[in-house]
Amino acid sequence: MVGLAAAPACAVGRRVMLALDPAAARTVARSLAASGNSLYTQAFAWRARLAELELAGHGLPARRAVEQAAEELWRNAAFLGLVSDRVIGADAVPIDAAALWQLAGGSAGRRGWLGPLRARLGASPLGGDRTGTFDAELRRPLQVYGADGVGRARSVLARLLADLSDPMQIREDEFALVRVADDRFVVVLPGVTDLSRPDLSLSEDHRSVRDLDQYAVASSRSSAVDDNRYASMVWAALDEHDVPEGAELLIVGHSFGADTALDLAADPVFNGGRWTVTHVVAAGYHSRPQLPDVVDGTEVLVLQNHRDAAVIVEGLGHSNASKSVTSRVNVVADAARFDLPGAFGHVVEAVEHDIATAVDLGEFAWDHGDDIARLVTGVGTGDVGLARGSAAELLTLEPGVERVGDHAVVDVFEGGSRGGGHHPANYIDHVADVDHPDVVAFLAGMSAQGYAADGSVVAVDVSVPRSGGS
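Residues numbered from 1 in each chain as written. Predicted model: local features only at pLDDT ≥ 70, side-chain atom pairs only at ≥ 80, totals over all residues. Heavy atoms only, no water.

1. Overview of the pattern of salt bridges
To keep it simple, the criterion reads: For this document, the term salt bridge refers to a Lys or Arg side-chain nitrogen within 4 Å of an Asp or Glu carboxyl oxygen. Per the convention used, a helix needs a DSSP run of H or I reaching at least four residues, while a strand needs a run of E reaching at least two, with both numbered from the N terminus. When accessible area is computed with a 1.4 Å probe and restricted to protein chains, residues below 20% of their type maximum are described as buried, those above 50% as exposed, and intermediate ones as partly exposed.
Summed over all chains, the structure comprises 23 salt bridges. A salt bridge links Arg110 to Glu137; the nearest nitrogen and oxygen atoms lie 3.1 Å apart. With a gap of 27 residues between them, Arg110 in the loop between helix H3 (97-104) and helix H4 (115-121) and Glu137 in strand S3 (residues 136-142) connect regions that are remote in the sequence. Here Glu137 falls in the buried class, since its relative accessible area comes to 8%. Across the salt bridge formed by Arg111 and Glu240, the nearest N and O atoms sit 3.4 Å from each other. Of the two residues, Arg111 sits in the loop between H3 and H4 while Glu240 sits in helix H7 (residues 229-240), which places them 129 residues apart along the sequence. The class of Arg111 is buried, set by a relative accessible area of 18%. A residue is classified by how much of its surface remains accessible, and Glu240, at 34% relative accessible area, is partly exposed. Residues participating in the shared-partner salt-bridge network are Arg110, Arg118, Asp135, Glu137, Arg139, Arg171 and Glu174.

Structure representation (C-alpha cells):
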C-alpha cells in the first residue's frame, strides 16, 4: 500500500490510501501515450488538409481540441510513470501526487506578451516558426523499458536519439527538456537544420539557432559558450524554465548538439556553478579536442560511427594539413596589413604544421598500407569496385573504444551508412547492443544517477530573436 497525497482533482488537504501495481500502471501509461500520439498525428494531418482547402481558420477550434486531448493523455501517462518510479520497492511511503502532477506537465507554456495568442493557435508547425523564443510545448513523455539499470539506460538513449530526428517531438527551432525529478533533468540537443541544404543566413521559416554557417562553424573553433549562440540560448532557456540551481543534468547531443553539450559541460559557471552536468552523451561530432576542457567530475561518452561523413570532415578541419592552409592564408592577410611580425609568426606556424602533416601522413600510410596498395591496384587495372572500396576504407574512422583522461570514453563503432553515416538511426542500433565494459560502465552510472526513469518532455523554442524583440 502506498500513501498518496490528494490527487489533482481532489480537494486540497485530503489524503487517500491507494494500492498501486507499478507494472499495471506502466501498461496503462503506455496505452495513454500511444493514444496521445495517434491524436497528435491526426491533428497535424487535419492541419495540412484544412490548409489545402483554405479552411485552416474555420477548423482551428476542432484541431486545437484534438491537440489538447493528446497533451492531456501525455500528461496522465507521464504522471503514472512518475508515480510508478517512486513506489517500486517502497511500502506505505507518502507521495505528493499534486507535485508529481505538476512535474508531469513539465514547464509547458507560451512566453512573452504574444504568448496567449500563440497558445490559441495551438502547436507550432512541424517546420517551426519565426517567433515564440523559449515557448515550451508538451510532447510525448519519456517511458523507459528494461529489466536492469544498463537496459533502462539503453532504452533512454535509444528513445532520445530517435527524438532527435522526429519533427513531431523536436521541431527545427527547438531542443527538448526532460524532467525526471524536481532536481534531475535531461537536455536533448539536436544538430544543425541545414546540413543537407545549406542556407547562408538564418532560415526565414524558423530562425533556428541550430544553423550551420551562422553558429555551428564558429563554435567548432573552441569550447567556449561565448562562441556558441546555441549554447547561450539553451542556458537562457533553462533559466527561463526555472530549472533549479544545483539540479543535476544529463545532456544528450548529436552533431552541433554534441558540440554544444560539451561546450556547456566545459563552462565552470554553467557546470558546477549554476547546475551540475553529471553525464554527457556526444554523438556524431569530432569531440576529442573538447574533452580536456570538460569540468572535472563530468562523465562523457563520445559515440562516433566510423562511416559518419560529418565527423570525418570535422576531423579533417582540425588536422595539421588544414591548419597549414589556414596559417598560409593568415600570412597573406597579415602582409596585406603590413603586419610583418604577425606574418612571420604565421610562417613559423605553417612550417610547424607542414612537419606535423608529414608525420601524420607517414603514420597514415603505415596504418593503411594495405588499403593504399589496393587503391593503386584498382586504379591501375581499371577495377572500379576495388578502387572505390579501398577509397571508402581510407575515408573511415578506426573503430575502437578508448578512455581519454579519467572521465571520458570515445567509442568509434562500425555502423550503418544512412544519411552518410550521420543519421541518429545509425547510433540507435549501436546503443542497443554495445557491450564494451567502459561503455557499459557509463550506462550503469547514468542509470544509477537517476536518469533511466520516466519523465515529462517539453520542446523549447530557440528561434533567434530579431533585434529588439522575439
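There is more to say after this.
2. Re helix H8 (residues 256-265)
Stated formally: Two residues qualify as a contact provided that any one of their heavy atoms is within 4.5 Å of a heavy atom in the partner residue.
Summarising burial for H8: 10 of the 10 residues are buried, a large majority. For H8, the complete set of buried residues consists of Phe256, Gly257, Ala258, Asp259, Thr260, Ala261, Leu262, Asp263, Leu264 and Ala265. Structurally, H8 contributes buried residues whose contacts are with strand S5 (184-189), helix H6 (212-219), H7, strand S6 (248-254), strand S7 (276-283) and strand S8 (299-305).

3. Focus: the packing of aromatic side chains
To be explicit about the condition: Think of it this way: a Phe, Tyr or Trp ring, Trp meaning its six-membered ring, pairs with another when their centres are within 6.5 Å, and the plane angle makes it stacked under 30 degrees, edge-to-face over 60, tilted otherwise.
The tally for this structure, following the rule as stated, stands at seven aromatic pairs. Here Trp235 and Phe270 contribute two aromatic rings whose centre-to-centre distance is 5.2 Å and whose plane-to-plane angle is 75°, an arrangement assigned as edge-to-face. One end of the pair, Trp235, is in helix H7; the other, Phe270, is in the loop between H8 and S7, and 35 residues separate them in sequence. The class for Trp235 is buried, based on a relative accessible area of 18%.

4. Remarks on helix H5 (residues 149-163)
This is how the line gets drawn: A helix's residues, less one, multiplied by 1.5 Å, set its expected span.
Here H5 contains 15 residues, and its C-alpha end-to-end distance of 21 Å stays within 8% of the 21 Å for a straight helix at 1.5 Å per residue. Of all 15 residues making up H5, 11 are buried, and the element is well covered by its neighbours. Every buried residue belonging to H5 is among Val150, Arg152, Ala153, Arg154, Ser155, Val156, Leu157, Arg159, Leu160, Leu161 and Asp163, and all of these are buried.

5. Notes on the sheet that holds strand S9 (residues 400-404)
What counts here: Being paired, for any two strands, means DSSP has found at least two bridges between them. The axes are straight lines fitted to the C-alpha atoms, using for helices just the contacting stretch, and the angles between their N-to-C directions are given from 0 to 180°.
The mixed open sheet is built from nine strands, whose spatial order is S3-S11-S4-S5-S6-S7-S8-S10-S9. Each of the sheet's edge strands pairs with one partner strand only, and the pair in question is S3 and S9. Averaged over all neighbouring strand pairs, the angle between strand axes comes to 20°, with direction disregarded. In this sheet, S7 lies alongside S6 in parallel orientation, the contact comprising seven bridges. Paired with His254 across the bridge in S7 is Ala283.

6. Some words on the nonpolar core
Defined as follows: Only buried Ala, Val, Leu, Ile, Met, Phe, Trp, Tyr and Cys residues count toward a nonpolar core, and they belong to the same one when joined by side-chain atoms within 4.5 Å.
One finds Phe175 and Leu238 to be the most contacted residues of the largest nonpolar core, which totals 57 residues. Within the second largest apolar cluster, 34 residues are counted, among which are Val150, Val252, Tyr427 and Val431.

7. Topic: unusual backbone geometry
Its identity is not glycine, yet Phe134 carries a phi of approximately 75°, on the positive side. By the secondary structure assignment, Phe134 is in the loop between H4 and S3. With phi around 60°, Ser255 is a residue other than glycine that occupies positive phi space.

8. Examining the side chain of Glu137
Note the threshold: We call two N or O atoms a polar contact when they sit within 3.5 Å, provided that within protein one can donate a hydrogen and the other can accept it, with sequence-adjacent residues counted only if both atoms are side-chain atoms.
At 3.1 Å, the side chain of Glu137 and the side chain of Arg110 are in polar contact. In this structure Glu137 touches Tyr40, Ala108, Arg110, Ala123, Ser124, Arg171, Val457, Val458 and Ala459, once residues within four positions along its chain are discounted.

9. Things to note about the packing of helix H1 (residues 22-52) against helix H2 (residues 56-87)
Packed helices, taken two at a time, are described by their axes: the angle between them and the distance between them. Quick note on the threshold: What sets the label is the angle itself: under 35 degrees gives roughly parallel, over 145 gives roughly antiparallel, 65 to 115 gives roughly perpendicular, and the rest give oblique. Two helices cross in a left-handed way if the nearer one is turned anticlockwise from the farther one by less than a right angle. They cross in a right-handed way if the turn is clockwise. Amino acid classes used here: Ala, Val, Leu, Ile, Met, Phe, Trp, Tyr, Cys and Pro are nonpolar; Asp, Glu, Lys and Arg are charged; the rest, including Gly, are polar.
With their axes 8 Å apart at the nearest point, H1 and H2 run at an angle of 160° to one another. One way to sum up the angle between H1 and H2 is to call them roughly antiparallel. As H1 packs across H2, the resulting crossing turns out to be left-handed. Of the residues contributing to the contact of H1 with H2, the split by class is 22 nonpolar, seven polar and five charged.

10. Focus on the environment of Asp205
Examined against the element boundaries, Asp205 turns out to sit in the loop between S5 and H6. As for Asp205 and Thr131, which are separated by 74 residues in sequence, their C-alpha atoms are 9.7 Å apart. Contacts of Asp205, omitting those with residues within four sequence positions, involve Gly128, Asp129 and Arg130.

11. Here we look at the packing of H7 against H8
Where H7 meets H8, the axes come as close as 9 Å, and the angle between the chain directions of the two elements is 65°. In terms of crossing hand, the pair formed by H7 and H8 is right-handed. Every residue of H8 that contacts H7 at Tyr230, Ala231, Val234 and Trp235 is listed here: Phe256, Gly257, Thr260 and Leu264. Grouping the constituent residues of the contact of H7 with H8 by class yields six nonpolar, two polar and no charged.

12. Concerning the environment of Val234
Structurally, Val234 can be placed in helix H7. Sequence spacing of Val234 and Leu264 is 30 residues, and the spatial spacing of their C-alpha atoms is 9.0 Å.

13. As for the pairing of S8
Across the seven residues that make up S8, a large majority, six, are buried. One ladder, built from five bridges, connects S7 with S8; its direction is parallel. Paired with Val280 across the two strands is Val300, which belongs to S8. Examined bridge by bridge, S8 and strand S10 (residues 408-413) share six bridges and lie parallel to one another. By the bridge assignment, Leu303 is partnered in S10 with Asp411.

14. Quick notes on the confidence of the model for the protein
Cut-off, in case you're wondering: Confidence scores per residue from the predictor, reported as pLDDT, run from 0 to 100.
Of all residues in the protein, 76% attain a pLDDT of 70 or more, and the chain-wide mean is 82. This stretch, residues 350-376, has a pLDDT under 50; its non-local contacts, to residues over four places away or in other chains, come to 27 contacts.

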